[in-house]
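Notes for the structure review
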Amino acid sequence: MVDFSIHEKDQELLDETARFKEVTDGYARYYDENEEELVPKELPEAKDWDHLAKMDLERGKVEGVTKPFTFRMLRSITNCLGTGNISLRQVNRALGNAALTAAGTDEQKKKWGETCLAMAITEPGCGSDSKAIETTAVLDGDEWVLNGEKIFVTSGIKCDGLVVWATLDPSQGRGAIKSFLVLKDTPGLELAKKEKKLGIRASDTAAFVLKDCRVPRDHLLGGNEEVVQKKGGDFKGLMATFNLTRPGVGAGGTGMVNHSYRILTEKLKNEGVEVDWEVGPQKRTALQEKLIDLGAQIESSALTVYRASWLADNGKPNNLESSVAKAKGGDVSRYGAQLALEILGAIGITHDLLVEKDFRDARITDIYEGTGEINHLIIARAILSYGSADLM
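A brief look at the structure comes next. Everything numeric here is computed off the predicted structure, so don't read it as measured data.

The geometry of two aromatic rings is summed up by the distance between their centres and the angle between their planes. Applying the stated criterion across every chain, the model contains six aromatic pairs. Ring centres 6.3 Å apart and planes at 50° place the aromatic pair Trp165 and Phe242 in the tilted group. Placement of Trp165 in strand β4 (residues 161-167) and of Phe242 in helix α7 (residues 241-270) is noted, with a sequence separation of 77 residues between them. Residue Trp165 shares its accessibility class with Phe242, and that shared class is buried. Clustering of aromatic rings is evident, with ring pairs tying together Tyr27, Tyr30 and Tyr31. The ring of Phe71 is capped by Arg59, whose NZ or CZ atom sits 3.8 Å from the centre of that ring.

As structure tokens, then:
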């Protein structure tokens, strides 16, 4: 049975994390305005919050608490951890680690599990349609030779290596697409630039060029060198990576809007504007109705995230649910952040509040990890039992 009730140990950690968030918010504006600086691996206050990890460890030992993945989503939304992408101590993981978990062999996971790996999928001519990848991988003796370009690589500066998606044979479509682990010091891997972005500026994003980049044969994730057309081959397994990451994106976007919503309701309360739940809708103002709708949208988005993460925690398929969580989070982040700005008026677009930053940061929620349009397509295919050839 799906149960999203919060255990008292869950609540204790959520309350402590709320205090922690007040500290990280102090850095959010600085790194937004100083995009050229990387957030250090450890900020001065980090040692004051070591007990958070211990609290989480002890919480996990208690029967009846929320399971790990779902609890991470709960913290992200409840404590608005998506705002600013700031952590006092950087976690040595990136999106490529999810690919390693989903597609790597046991030996590969053991060897590179503690390595910070970014995900390199997007190319100048390949965005949402991942099977259109043009980066090539050619086997030469006991080495793979990679050539191509990768853009919008999240954590590309701070990472230790990349999980590069490439094709063994462009004429064979998605069945020839594989992923390769390329460490940053590999000859032929060149950092082209660090992107300057609209939002999430504390998150470093990079572009790379691979020129006759040689990696050992065993750097092919999963180790399967065969081009298999049936059921998408390894490509389908690689795409399963997103089932682990999309709920987190939905949670991050929902948390950003939740952050703006809290600022908005506090400002309005100070001006004497609150929702009167004792009267019917005909006696409420248009502004009060907007607040009710925004609160409901945030709650519904959160529930889609919890559903997807609960399935993952329990070892159940969540392809449909993870796309629903991502798509809903993207929709709410766009709508909610803009509505908060509109209601706040002039002060909303100033740097006096973090709402305008949330507005910029939240926009990416509907773009990366599969655009909103792509996720709506995945949802439709799953509901109608269609394949990619039936619904494009």
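What follows covers the pairing of strand β2 (residues 136-140). By the bridge criterion, five bridges tie β2 to strand β3 (residues 143-154) in an arrangement that is antiparallel. In the strand pairing of β3, Val138 is matched with Val145. Counted along the chain from β2 to the antiparallel partner β3, the turn is two residues long, and its residue Gly141 has a positive phi close to 65°.

A word on the layout of surface pockets. With a probe scaled to a water molecule rolled over the atoms, the places where space remains empty come into view. Counted as a void, the second largest pocket has a volume near 1600 Å³. Together, 47 residues line the second largest pocket, and Ser128, Ser130, Met239, Arg246 and Ile374 are the ones closest to its centre. Of all elements in the fold, only β3, α6 (234-239), α7 and α11 (372-384) reach the threshold of two or more residues within the lining of the second largest pocket. Take the lining of the second largest pocket: its biggest share by element is five residues, from α11. Here the lining of the second largest pocket is built from residues that sort into 20 nonpolar, 14 polar and 13 charged.

Counted by the stated rule, this structure contains 24 salt bridges. Among the salt bridges present, the one from Lys150 reaches Glu123, with a minimum N-O distance of 2.8 Å. Pair noted here: Lys150 is in strand β3 and Glu123 is in the loop between β1 (117-120) and β2, with a separation of 27 residues, a long-range link. With relative accessibility at 1%, the residue Lys150 sits in the buried group. Taken together, the shared-partner salt bridges in this structure form one network comprising Arg29, Asp32, Arg201, Glu356 and Arg360.

Next up on the list: the pairing of β3. Taken together, the nine bridges between β3 and strand β7 (residues 205-216) define a ladder with antiparallel strand orientation. Looking at β7, one finds that Leu146 is bridged to Cys213.

Residues separated by three or four positions in an α-helix point in the same direction, a consequence of the helix having 3.6 residues per turn. For helix α8 (residues 286-313), with 28 residues, the first-to-last C-alpha span of 41 Å sits near the 40 Å given by 1.5 Å per residue. One or two positions beyond α8, positive phi appears at Gly315, with a value near 70°.

Let us look at the nonpolar core. One finds Tyr31, Leu43, Ile86, Leu88, Val305 and Tyr306 to be the most contacted residues of the largest nonpolar core, which totals 24 residues. Residue assignment for this core shows that the elements contributing at least two residues are α1 (8-33), α3 (68-78) and α8. Sequence-distant contacts of Leu43, that is, excluding residues within four places in its chain, are made with Tyr27, Tyr31, Ile86, Ser87 and Leu88. Grouped together as the second largest cluster of nonpolar side chains are 21 residues, Ala94, Val153, Val164 and Val215 included.

Reading guide: rules and limits
- Residues numbered from 1 in each chain as written.
- Predicted model: local features only at pLDDT ≥ 70, side-chain atom pairs only at ≥ 80, totals over all residues.
- Heavy atoms only, no water.
- Phe/Tyr/Trp six-rings, centres within 6.5 Å; stacked < 30°, edge-to-face > 60°.
- Helix = DSSP H or I, 4+ residues; strand = E, 2+ residues; numbered from the N terminus.
- Buried < 20%, exposed > 50% of the residue type's maximum accessible area, 1.4 Å probe, protein only.
- Lys NZ or Arg CZ within 6 Å of the ring centre and 35° of its normal.
- Pairing = 2+ DSSP bridges.
- 1 Å grid on protein atoms, 1.4 Å probe; cavity = no way out; pocket = protein on both sides within 12 Å on 5 of 7 lines; lining within 4 Å.
- Points joined across faces, edges and corners; volume = space filled by probe spheres on them.
- Nonpolar A, V, L, I, M, F, W, Y, C, P; charged D, E, K, R; others polar.
- Salt bridge = Lys/Arg side-chain N within 4 Å of Asp/Glu carboxyl O.
- Expected span 1.5 Å × (residues − 1).
- Core = buried A, V, L, I, M, F, W, Y, C linked by side-chain atoms within 4.5 Å.
- Contact = heavy atoms within 4.5 Å.

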